[in-house]
Amino acid sequence: MLDEKGFEPYSAVLVRLLGGPLYSDEHKLWELLLTHRNYVEVFFSKIGMQLHVHDPYGLAYIRQYTDEEMAEETAPIPRLLRRVPLTYEVTLLLVLLRDQLQQFEIDSGSGLRLVLTRERLRELVTLFFREKADQVKMLRSIDTVIQKVVDLGFLRPLGARNRNEYEVMRLLKAKLPAEELEVVRRRLAEHVGEEGATPEGAAEEGVEDAPPAANGEPLEVPDREPGDLPPGQGEAK
């Protein structure tokens, strides 16, 4: 039923999902999604998108169908979600974070949030850097990788000003399921073997062919203005 302005009761959910993943801790929007889930699915299917709701993770996001998945007679639909190929280093950090998240849930249970400091993130990635002589340059490169993962929505800074702690977002579990981890690790190892590159070398060459998915599909992220943070990645609630 439309309200007096012509809005559907779930309009806010549609806009929120177009901007990025929706989590259950956004209680009002999450309840609206669960209440009107069928209508939300129908809306997105009409514009070439698929709604994914992971109830155990408290997570929902949308995925745009590829041209191959669309019917041949359907006119091409412009891409609203950009397909983002990932560098070796970003893929590596995602795999490391997925391992950390899995171990954390085994040790602490799934109801808690995994929070890592910047120093801990640096430590995880530093282990895979062969050349460590130029400490300043190495840390700068690692911080660039961390920021990229933030931009993709897999890390959320806890606080707009002090970005020394980050929550590992549950979106990572959906985008990189446990059963795909070994596949991705093999692809990373094959990439290094074929290119003869270390993580540092890959950064300098701008490698963009190691997405964190076994099927080789790049990640999809909503188009937004340069410098915009994904929704929910400002000041922590």
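Residues numbered from 1 in each chain as written. Predicted model: local features only at pLDDT ≥ 70, side-chain atom pairs only at ≥ 80, totals over all residues. Heavy atoms only, no water.

Enquirer: Looking at this model, I keep getting lost on the overall build of the protein chain. Mind explaining?
Expert: Each helix and strand counted, the protein chain has 9 helices and 8 strands in total. Every one of the 237 residues in the protein chain was classed for burial, and the buried ones make up 43%. Contacts in the protein chain between residues far apart in sequence, at least 24 positions, make up 64% of those at least 6 positions apart. If you sum the accessible surface of the protein chain, you get close to 13,200 Å²; carbon and sulfur atoms cover 51% of it. (Helix = DSSP H or I, 4+ residues; strand = E, 2+ residues; numbered from the N terminus. Buried < 20%, exposed > 50% of the residue type's maximum accessible area, 1.4 Å probe, protein only. Contact = heavy atoms within 4.5 Å. Areas by Shrake-Rupley, 256 points an atom, 1.4 Å probe, with all protein chains shown as cover.)

Enquirer: Sorry if this is basic, but what is going on with the sheet that holds strand β6 (residues 155–157) here?
Expert: Sheet strands pair via backbone hydrogen bonds, and the direction of the pair is either parallel or antiparallel. Taken together, the 3 strands give an open sheet; going across it, the order is β5-β7-β6, and neighbouring strands pair in antiparallel fashion. Looking along the sheet, the strands with just one partner apiece sit at the ends: β5 (115–117) and β6. In this sheet, adjacent strand axes meet at a mean angle of 35° when their direction is disregarded. Note that β6 and strand β7 (residues 165–168) share 3 bridges and pair antiparallel. Each residue of the ladder has a partner; that of Pro157, found in β7, is Tyr166. Docked against the sheet, helix α6 (residues 135–151) engages β6 and β7, running at close to 100° with respect to β6. (Pairing = 2+ DSSP bridges. Axes fitted to C-alpha atoms, helices over the stretch in contact; angles between N-to-C directions.)

Enquirer: Explain helix α5 (residues 118–126) here, please?
Expert: Since the α-helix packs 3.6 residues into each turn, any two residues three or four apart lie on the same face. Residues Arg118, Leu121, Arg122, Leu124, Val125 and Thr126 constitute the buried set of α5. Packing partners of the buried residues in α5 comprise α4 (88–108), β5, α6, β6 and β7.

Enquirer: I'm lost on the packing of α4 against α6 in this one. Help?
Expert: Any two packed helices are characterised by the angle at which their axes cross and by the distance between the axes. Put simply, α4 and α6 touch, their axes get as near as 9 Å, and they point 70° apart. In terms of orientation, α4 lies roughly perpendicular with respect to α6. Across from Glu89, Val90, Leu93, Leu94 and Leu97 in α4, the residues of α6 making contact are Val145, Ile146, Lys148 and Val149. Here the contact of α4 with α6 is composed, by residue class, of 7 nonpolar, no polar and 2 charged. (Parallel < 35°, antiparallel > 145°, perpendicular 65-115°, else oblique. Nonpolar A, V, L, I, M, F, W, Y, C, P; charged D, E, K, R; others polar.)

Enquirer: Quick question: what am I supposed to make of the sheet that holds strand β1 (residues 22–23) here?
Expert: Taken together, the 3 strands give an open sheet; going across it, the order is β1-β3-β2, and neighbouring strands pair in antiparallel fashion. Looking at strand neighbours, the two that pair on one side only are β1 and β2 (49–54), the edges of this open sheet. Where β2 and strand β3 (residues 59–64) come together, 6 bridges link them in antiparallel fashion. Bridging from a neighbouring strand, Met49 pairs with Gln64 of β3. Each of β2 and β3 touches helix α3 (residues 37–46); the most contacted strand, β2, lies at about 150° to it.

These figures capture arrangement, not role.
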